[in-house]
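Structural description and commentary
Given next are the chains, with one letter for each unit.
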Amino acid sequence: ETAVFQTPNYHVTQVGNEVSFNCKQTLGHDTMYWYKQDSKKLLKIMFSYNNKQLIVNETVPRRFSPQSSDKAHLNLRIKSVEPEDSAVYLCASSRRGRYTLYFGAGTRLSVL
Amino acid sequence: GDSVTQTEGLVTLTEGLPVMLNCTYQTIYSNPFLFWYVQHLNESPRLLLKSFTDNKRTEHQGFHATLHKSSSSFHLQKSSAQLSDSALYYCALFFGGSNAKLTFGKGTKLSVKS
């Protein structure tokens, strides 16, 4: 049963464009994350938010910016995409103090 | 820094043989939390096992693992592989502090053949 919803499923765009990805969780969790899964299947954390506050910000390019309106939503904006941004972006959530992550289905980004 | 090292690349097994995927970790924290996540084709990762307790076996869906702090290991095992076990397996380490986060190993692809 899906409880972390991501849109869109796929997005194809050109270098230099701006894209936004949405994530919503209905689990009542208060911590949300963005992970990037590249073509080699490496899973790397990008950001995490706890109750709308940024708590982890890994070394990602400044063109990436997370946005949280409430604890159930965490979006990701990429200002000017580059070819190396092609990947699957996975949103996840967890309960504070519990470290089990629940992942969404992912958004696959292809940059031409 | 904190890191996770797994059996690299692809592990190919014949159905019915035992599964062992290695995971070792490095952390400055004395109380690490270790996880195994599984990702089937065209799906997202989901939790398979987790452990916080030293030398205690944890089991789920036929898989088991024991956290050994003395050797910094959390190997994943199963007595008899099934075709449906073919997937990508990630070992992950949670370490706390002000920047608490879950760090994943590079993943081990398990392919079970008949």
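Residues numbered from 1 in each chain as written. Chains lettered and ligands numbered in written order. Predicted model: local features only at pLDDT ≥ 70, side-chain atom pairs only at ≥ 80, totals over all residues. Heavy atoms only, no water.

1. Re the nonpolar core
Residue and element names in this part refer to chain B. Quick reminder of the rule: In plain words, nonpolar cores are sets of buried Ala, Val, Leu, Ile, Met, Phe, Trp, Tyr and Cys residues tied together by side-chain atoms within 4.5 Å. Residue exposure (1.4 Å probe, protein chains only): buried if accessible area is under 20% of the type maximum, exposed if over 50%, otherwise partly exposed. Only DSSP runs of H or I covering at least 4 residues are called helices, and only runs of E covering at least 2 are called strands; the numbering of each starts at the N terminus. The contact definition used throughout considers only heavy atoms, calling two residues in contact when any of these lie within 4.5 Å.
The biggest cluster of nonpolar side chains holds 24 residues, and the ones touching the most others in it are W36, L48, L76 and Y89. Where this core is concerned, the elements lending two or more residues are β2 (10–14), β3 (19–21), β4 (23–26), β5 (33–39), β6 (46–51), β8 (63–66), β10 (87–95) and β12 (108–113). For this core, the element with the highest residue contribution is β10, accounting for 4 residues. Beyond its immediate sequence surroundings of up to four residues, L76 is in contact with V19, M20, L21, W36, L48, L49, F63, H64, A65 and Y89.

2. With respect to the layout of surface pockets
Rolled over the atoms, a probe sized like a water molecule indicates the empty space that remains. We apply this condition: The way it works is a 1 Å grid over only the protein atoms, where trapped points that fit a 1.4 Å probe form a cavity and open points with protein on both sides within 12 Å along at least five of seven lines form a pocket, and then any residue with an atom within 4 Å of a point lines it. Grid points are joined across faces, edges and corners, and a volume is the space filled by probe spheres set on the points.
There is about 650 Å³ of room inside the largest pocket. Mapped by element, the contributors of at least two residues to the lining of the largest pocket are β4 (31–37) and β5 (43–50) of chain A together with β1 (3–6) and β11 (101–104) of chain B. Its volume calculated, the second largest pocket comes out at about 510 Å³. Lining the second largest pocket are 19 residues, and of these A:K41, A:R108, B:L41, B:N42 and B:E43 lie nearest its centre. Residue assignment for the lining of the second largest pocket shows that the elements contributing at least two residues are β9 (87–94) of chain A together with β10 of chain B.

3. Side note on the pairing of strand β1 (residues 4–7) of chain A
All names here are of chain A. Going by this rule: Each pair of strands is called paired provided DSSP finds at least two bridges between the two strands.
Across the two faces of β1 the burial differs, with V4 and Q6 buried and F5 and T7 not buried at all. Here 4 bridges tie β1 to strand β3 (residues 19–25), and the two strands are oriented antiparallel to one another. In the strand pairing of β3, F5 is matched with K24.

4. A short note on the pairing of strand β8 (residues 73–78) of chain A
Residue and element names in this part refer to chain A. Going residue by residue along β8, you find L74, L76 and I78 tucked away on one face and H73, N75 and R77 left uncovered on the opposite face. Note that β3 and β8 share 4 bridges and pair antiparallel. Bridge pairing in β8 places F21 opposite L76. Examined bridge by bridge, strand β7 (residues 64–70) and β8 share 5 bridges and lie antiparallel to one another.

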